[in-house]
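Residue-level structure breakdown
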Amino acid sequence: MGAVERLGFRGRLIAAMVTLVALVSLVIGALFMVYLFEDEKSRATEQLSIGERLTREILERRTDLNLSRLSVVVQDFGFRSAVASRDPATLASALDNHSRRAGADFAVLTDNSGNLLASTLSPSIAGGPTALFDARPGARSFAYLQGQGYEVLQIPVEGPGLRARLIAGFALDQSLATVIARLSGTEAVFRARAPGDTSFEVVTATSVRDRDLVKLREPNQDGELMDAGRYFRRSIQLTEPGSQTGDIDVVLMLSRAASLANYYAR
Amino acid sequence: MKRRFLVVVPVLCWALPMYAPALTLTVTDQATGAPVAEAVVALDRVDPVTPVTAEIYQQDRAFHPKVLILPLGSEVEFPNRDNTQHHVYSFSPAKTFNIELYAGRPERPVRFDQPGIVELGCNIHDHMQAFILVTQTNAIGQSGPDGRVELPVDTATNAGAPIRLRVWHPRLPDNTQPVSRQVNATGTVAIDLQPEPEQETSMDLLQQRFQEL
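To keep things clear, this report deals only with the structure shown in the data block.

**Description of the interface of chain A and chain B**
With ten residues of chain A at the interface, the matching set in chain B holds 14 residues. Where chain A abuts chain B, roughly 960 Å² becomes buried across the two surfaces, and 59% of that area is made up of carbon and sulfur atoms. On the chain A side of the interface with chain B, the three residues burying the most area are A:Phe77, A:Pro160 and A:Arg163, jointly 61% of the side's total. Notably, a salt bridge pairs A:Arg163 with B:Glu119, separated by 2.9 Å at the nearest N-O pair. Remark: the boundary between chain A and chain B carries five residue pairs in polar contact (both at pLDDT 80 or more). Elements that contribute at least two residues to the side of chain A that touches chain B include exactly helix H2 (77–85) and strand E5 (162–171) of chain A. The residue makeup of the side of chain A that touches chain B, split by class, is four nonpolar, four polar and two charged.

**With respect to a nonpolar patch on the surface**
There is a patch of nonpolar side chains on the surface, built from A:Phe9, A:Leu13 and A:Met17 and spanning about 340 Å² of accessible area. Its location among the elements puts A:Leu13 in helix H1 (residues 2–74).

**Describing the sheet that holds strand E4 (residues 148–159) of chain A**
All names here are of chain A. One open sheet holds the five strands; their spatial order is E2-E1-E5-E4-E3, and the pairing between them is antiparallel. Either end of the sheet is taken by a strand with one partner, and the two such strands are strand E2 (116–119) and strand E3 (140–145). In this sheet, adjacent strand axes meet at a mean angle of 25° when their direction is disregarded. Judged from the ten bridges that link them, E4 and E5 form a sheet pairing that is antiparallel. The partner of Leu 153 across the bridge, within E5, is Ala 168. H2 contacts strand E1 (106–111), E4 and E5 of the sheet and is inclined by roughly 85° relative to E4.

**Thoughts on helix H3 (residues 88–101) of chain A**
When the terminal C-alpha atoms of H3(A) are compared, their 20 Å separation across 14 residues agrees well with the 20 Å that a helix rising 1.5 Å per residue should span. Following H3(A) by one or two positions, A:Gly103 adopts a phi angle in the positive range, close to 75°.

**Describing the side chain of A:Arg80**
Take A:Arg80: it is sitting in helix H2. Of the buried charged residues, A:Arg80 lacks a salt bridge, with B:Asp126 as the closest side chain of opposite charge at 4.7 Å. Polar contacts involving the side chain of A:Arg80 include one to the side chain of B:Tyr89, which spans 2.9 Å. Residues within four places of A:Arg80 in sequence aside, it is in contact with A:Val74, A:Gln75, A:Val157, A:Glu158, A:Gly159, A:Leu162, B:Tyr89, B:Phe91 and B:Asn123.

**Focus: the sheet that holds strand E10 (residues 110–112) of chain B**
Residues and elements named next belong to chain B. In space, the three strands of this open sheet follow the order E3-E7-E10, with mixed pairing throughout. Every interior strand has two partners, whereas the edge strands, strand E3 (53–55) and E10, have only one. The mean angle between the axes of side-by-side strands here comes to 30°, regardless of whether they run parallel or antiparallel. Both E3 and strand E7 (residues 74–77) contribute to a ladder of three bridges, which runs parallel. Note on E7: the bridge partner recorded for Glu 55 is Glu 77.

**Re the packing of aromatic side chains**
For any pair of aromatic rings, geometry is given as the distance between the ring centres together with the angle between the planes. Applying the stated criterion to the full structure yields eight aromatic pairs over all chains. With a centroid separation of 6.4 Å and an interplanar angle of 40°, the aromatic rings of A:Phe37 and A:Phe232 are classed as tilted. Pair noted here: A:Phe37 is in helix H1 and A:Phe232 is in strand E9 (residues 231–237), with a separation of 195 residues, a long-range link. By relative accessible area, which is 0% here, A:Phe232 ends up buried. Here the aromatic cluster, defined as three or more aromatic residues joined through ring pairs, consists of A:Phe77, B:Tyr89 and B:Phe91. Its end group placed over the ring of A:Phe200, A:Arg191 keeps NZ or CZ at 4.1 Å from the ring centre. Its guanidinium or amino end placed over the ring of B:Tyr57, B:Arg81 lies 4.0 Å from that ring's centre, counting from NZ or CZ.

Parameters and conventions
- Residues numbered from 1 in each chain as written.
- Chains lettered and ligands numbered in written order.
- Predicted model: local features only at pLDDT ≥ 70, side-chain atom pairs only at ≥ 80, totals over all residues.
- Heavy atoms only, no water.
- Contact = heavy atoms within 4.5 Å.
- Buried area = accessible area lost by both parts, 1.4 Å probe.
- Salt bridge = Lys/Arg side-chain N within 4 Å of Asp/Glu carboxyl O.
- Polar contact = N/O pair within 3.5 Å; in protein donor to acceptor, adjacent residues only side chain to side chain.
- Helix = DSSP H or I, 4+ residues; strand = E, 2+ residues; numbered from the N terminus.
- Nonpolar A, V, L, I, M, F, W, Y, C, P; charged D, E, K, R; others polar.
- Patch = residues over 30% accessible without salt bridge, like charges linked within 9 Å, V, L, I, M, F, W, Y side chains within 5 Å.
- Areas by Shrake-Rupley, 256 points an atom, 1.4 Å probe, with all protein chains shown as cover.
- Pairing = 2+ DSSP bridges.
- Axes fitted to C-alpha atoms, helices over the stretch in contact; angles between N-to-C directions.
- Expected span 1.5 Å × (residues − 1).
- Buried < 20%, exposed > 50% of the residue type's maximum accessible area, 1.4 Å probe, protein only.
- Lys, Arg positive; Asp, Glu negative; His and termini not counted.
- Phe/Tyr/Trp six-rings, centres within 6.5 Å; stacked < 30°, edge-to-face > 60°.
- Lys NZ or Arg CZ within 6 Å of the ring centre and 35° of its normal.

As structure tokens, this is what we get:
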């Protein structure tokens, strides 16, 4: 109380003005920080939206390319002759050889009723989830098999008097994640979980640190923007919820440090 | 003479249905109800049949005829009347064969000794397609433009009993085998068909025109 009286009127006026200036500065600083964060968030949302559209487009193009490769394979006379022979060893050998031509990571051949004729999958999962074989011809689905995510395509094998179906799986691998990451300017992580599981497993990822990948085990809604520490992220569902072939999604992650670097660069 | 005439006429009248084409059916499209032409309808029975020798030739990069009904054990020649070679083959379980690229007439005909549908193709012309129906019955026919087909069958013997039929058309969803149907003495047979394939595009017609020039 004595110190305040010793200041006198001038001193008190200066102290009040300094306090006011400090308060105003703090408020301005806080408002600027809020604006900065909101702007950062809105830019991240925009970039993730572009990344999402780009990811879907890349996957569509990849599907078209793989279907085109498969259609060449199933029209090969040698392959159709091998299928028509119904000889198990010939079928298995031709399936292995011709699926490599299309760059498939696994292939399954069934007759038109869905009975298994040959498979390059291990016998334990050769029967596979029934949904794998029930897909419409030409339709794309995704499956989580033996710790790996696959894009699964089905194409009819048709010739004069021959009716069968070829189901081919193309791994959702590092090269695909890298292409998505490079074009979208985000990190890309493919996650999957088996039917009935609650937490996800990371199938493949670009340069995201392991401790951040652990956080990705928890599910989140499609399109959700999350301020998960160092990253803004968005999940793009590739399978229907509760799919018999497992849930697979791709998470696009935008580093906040990289996002803020734009401000420092200005 | 007059008495003999009176006896003969009733006997003839009784006997006629046994040999006349007594079963008249109309084949229709299940979806639209429209009559279906070129459907093959056969009685589901086994008759003694006499093999024949027939011909499916290739001209203008197409098989002629596109559908051939054959008695079991028949042989078919595949003469090539085009200026390009053809590779005629089939993977059908009823007859798997392969005549590699050839011009003119193949060395020997192909014998069809199992009943069933044999689909033909050409390995270097994917659009070429034809069917051979190898049958074991004499009661078989193909529907006309109005969808009507007549089968030489005795309806008097099993009057009232349902008649089991086998019906086939190139546009069946699974055209590798006929579908089964049951009818009474007359009636309509409805089958599920896939839509007509698209007609030739204007570009194809233009290409055809250039070829003709």
